[in-house]
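Spelled out, the chains give:
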Amino acid sequence: MDEVRKKRRDFRQNIAIALLSVSAVFLFSRTQLFQLGRSSYFRFLSVVDAQAESSETERSPLTAPVRLAVTASYGRYGSITAATGDESFLPLRRLLGDALGGAGAMASCGEEAFFQALSSTSVYYDFLHPLPLDTVAGLIDAPASVDGTVRSLAVAGEADGVSLYLWDGESRYSRCAVSISPAELEEAVALYEVGNALFAFDRAASDRTYGAVAPCSLFLEQVPSLPVLSAEVPPSGTDALLSALGFNPMTNSRYSESNGTEVIVDGSRSLRIHSGEALVYQDSGRAGLLIDAAGDQPTPREATMGCGALLGSLLSAGGCTTPVYLRELRQEGAAMTLRFDYQFGGVPICFDRGGSAAEITLTGRTVTSLELLPRQYTAGETASLLLPLRQALGVASLHPGGELSIGYVDSGAAVVEAMWLSDLP
């Protein structure tokens, strides 16, 4: 009888331990959930190594982070830390530029055709956000013979040659033939050591956790090593900022408010520099801060490059060397609004609650408003902590449909870590 009671007691203890373990995992996932605007972000923990920041301090032309997948018949190379300005990206930049410059007439295709293209000999480029194709071409200094909005592109080999596939980030897929030979594609692919990178759709049929995330979520063979970043607001040089915005640094039309905000006025234009926070520029009369463009109405490419150059000048004047990239471009009539975020080593830095590093509104060529949050990011000696992929997929599957990726999230603290991000639809 005592033996029976003992077995029952042990059984109850084992059940209790299992329930406590499940409860701990659930509470952990709940406490690591971040709300950034309309998206949800999961933060997971696991030890990885540090990656050093480039020592180059000179600001380069506007670049963009781009996720890459290079697929051959015997494996796939993947990267989530590439940027369009990287020297290592140059061969793939040329390939995409040749494809865009020699693209034929676009025709709609299905999602399955797009996935099949990514499974053949191909190069996949993901620019993270839907952007005008003219802008994407500008980021790689290439012509664009086709129009539209694009997030991801693939140059893929097929039985009748090489094709260019486009995805707008939502439900539209397109395909066209390009003037690239299969040999040129093979030559580009051969430069990369393929491994076991995969898309979620590769295993969605056999593993429900992969099927619970967006099909084009890209996963590497090993969780990447990303450093913890220190974040600070660099000390701004007011005179340098004024010069970059076309103000007279010697103007007497300046004063400080009780909260420390410095205000400079020049006719219809004003600049407010919030202490330790953002700077806000307004032009109610469209008096004079212009971007370069061939005509009165800039193209998306001209708007992107012009605003990128302006932000580069402002950030350099404020002592910030962290590059920005274009996250969104909206056009309504003669007005364009462009939103930018920071990037570090090809990895995007998101702001908590859906904010952005900078937002610029153009009316024609004139900058009518500008908001900028100057931030300087520096790599530390410790590594960000990320769960292994299997555990990350398990938690992300509790909120199905989102794209699972890795990026930094800046919540305003002095330390910024890389995290698993689940961008819910």
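Refer to the structure printed above.
The model shown is predicted, which means the values in this text are computed figures rather than measured ones.

Draft legend 1. Molecular detail of the sheet that holds strand S22 (residues 376-383). Taken in spatial order, the 3 strands of this open sheet run S22-S12-S24, and their pairing is antiparallel. Edge positions in the open sheet fall to S22 and strand S24 (415-416), since each of these has one partner strand only. In this sheet, S24 lies alongside strand S12 (residues 227-232) in antiparallel orientation, the contact comprising 2 bridges. Paired with Leu-229 across the bridge in S24 is Val-416.

Draft legend 2. View of helix H10 (residues 389-396). Inspection of H10 places Leu-389, Ala-392, Leu-393, Val-395 and Ala-396 among the buried residues, and these make up the whole buried set. Buried residues of H10 fall within an arc of 165 degrees about the axis and therefore sit on the same side.

Draft legend 3. Layout of the sheet that holds strand S4 (residues 75-83). Overall, antiparallel pairing links the 7 strands, which are arranged S4-S3-S6-S7-S8-S9-S5 in an open sheet. Looking at which strands have only one partner, the edges of the open sheet turn out to be S4 and strand S5 (107-109). Strand-to-strand, the axes of this sheet are offset by a mean angle of 25 degrees, without reference to chain direction. Relative to strand S8 (residues 161-167), strand S7 (residues 149-158) runs antiparallel, the two sharing 7 bridges. Considered in S8, the bridge of Ser-152 is made with Trp-167. Along the sheet face, helix H2 (residues 90-101) touches strand S3 (65-72), strand S6 (122-132), S7 and S8 and points at about 70 degrees away from the line of S6.

Draft legend 4. Representation of the packing of aromatic side chains in the model. According to the stated counting rule, one finds 14 aromatic pairs in the structure shown. Aromatic side chains Tyr-77 and Tyr-192 sit 5.2 Å apart centroid to centroid with 40 degrees between the ring planes, which places their arrangement in the tilted category. A residue pair is termed long-range when its members are at least 10 positions apart, and Tyr-77 in strand S4 and Tyr-192 in the loop between helix H5 (182-189) and strand S10 (198-199) qualify at 115 residues. A relative accessible area of 25% places Tyr-77 in the partly exposed class. Residue classification places Tyr-192 among the buried residues on the basis of a relative accessible area of 14%. Measuring from ring centre to ring centre gives 6.4 Å for Phe-344 and Tyr-408, while their planes differ by 80 degrees; the resulting arrangement is edge-to-face.

Draft legend 5. Molecular detail of the environment of Thr-322. On the secondary structure map, Thr-322 appears in the loop between helix H9 (300-317) and strand S17 (324-332). With a relative accessible area of 1%, Thr-322 lands in the buried category. It is 9.5 Å that separates the C-alpha atoms of Thr-322 and Gly-345, two residues lying 23 residues apart in sequence. From its side chain, Thr-322 meets the backbone nitrogen of Tyr-377 in a polar contact 3.1 Å long.

Draft legend 6. Region of the structure containing the pattern of salt bridges. All chains considered together, the criterion is met by 18 salt bridges. Glu-403 is the salt-bridge partner of Arg-151, the closest N and O atoms lying 2.9 Å from each other. Residue Arg-151 is located in strand S7, and its partner Glu-403 is located in strand S23 (residues 403-410); the two are separated by 252 residues in the primary sequence. The buried category is assigned to Arg-151, whose relative accessible area is 9%. Here Arg-339 and Glu-359 are joined by a salt bridge, their closest N and O atoms 3.6 Å apart. Within this pair, whereas Arg-339 is found in strand S18 (residues 335-344), its partner Glu-359 is found in strand S20 (residues 358-363), the two being separated by 20 residues in sequence. Via salt bridges that share partners, Arg-67, Asp-126, Arg-151 and Glu-403 belong to a single interconnected network.

Draft legend 7. Local environment of the side chain of Asp-207. Note that Asp-207 resides in the loop between helix H6 (200-203) and helix H7 (208-211). Within polar-contact distance, the side chain of Asp-207 engages the side chain of Arg-390 at 2.8 Å.

Parameters and conventions
Residues numbered from 1 in each chain as written. Predicted model: local features only at pLDDT ≥ 70, side-chain atom pairs only at ≥ 80, totals over all residues. Heavy atoms only, no water. Pairing = 2+ DSSP bridges. Helix = DSSP H or I, 4+ residues; strand = E, 2+ residues; numbered from the N terminus. Buried < 20%, exposed > 50% of the residue type's maximum accessible area, 1.4 Å probe, protein only. Arc of directions from axis to C-beta. Axes fitted to C-alpha atoms, helices over the stretch in contact; angles between N-to-C directions. Contact = heavy atoms within 4.5 Å. Phe/Tyr/Trp six-rings, centres within 6.5 Å; stacked < 30°, edge-to-face > 60°. Polar contact = N/O pair within 3.5 Å; in protein donor to acceptor, adjacent residues only side chain to side chain. Salt bridge = Lys/Arg side-chain N within 4 Å of Asp/Glu carboxyl O.

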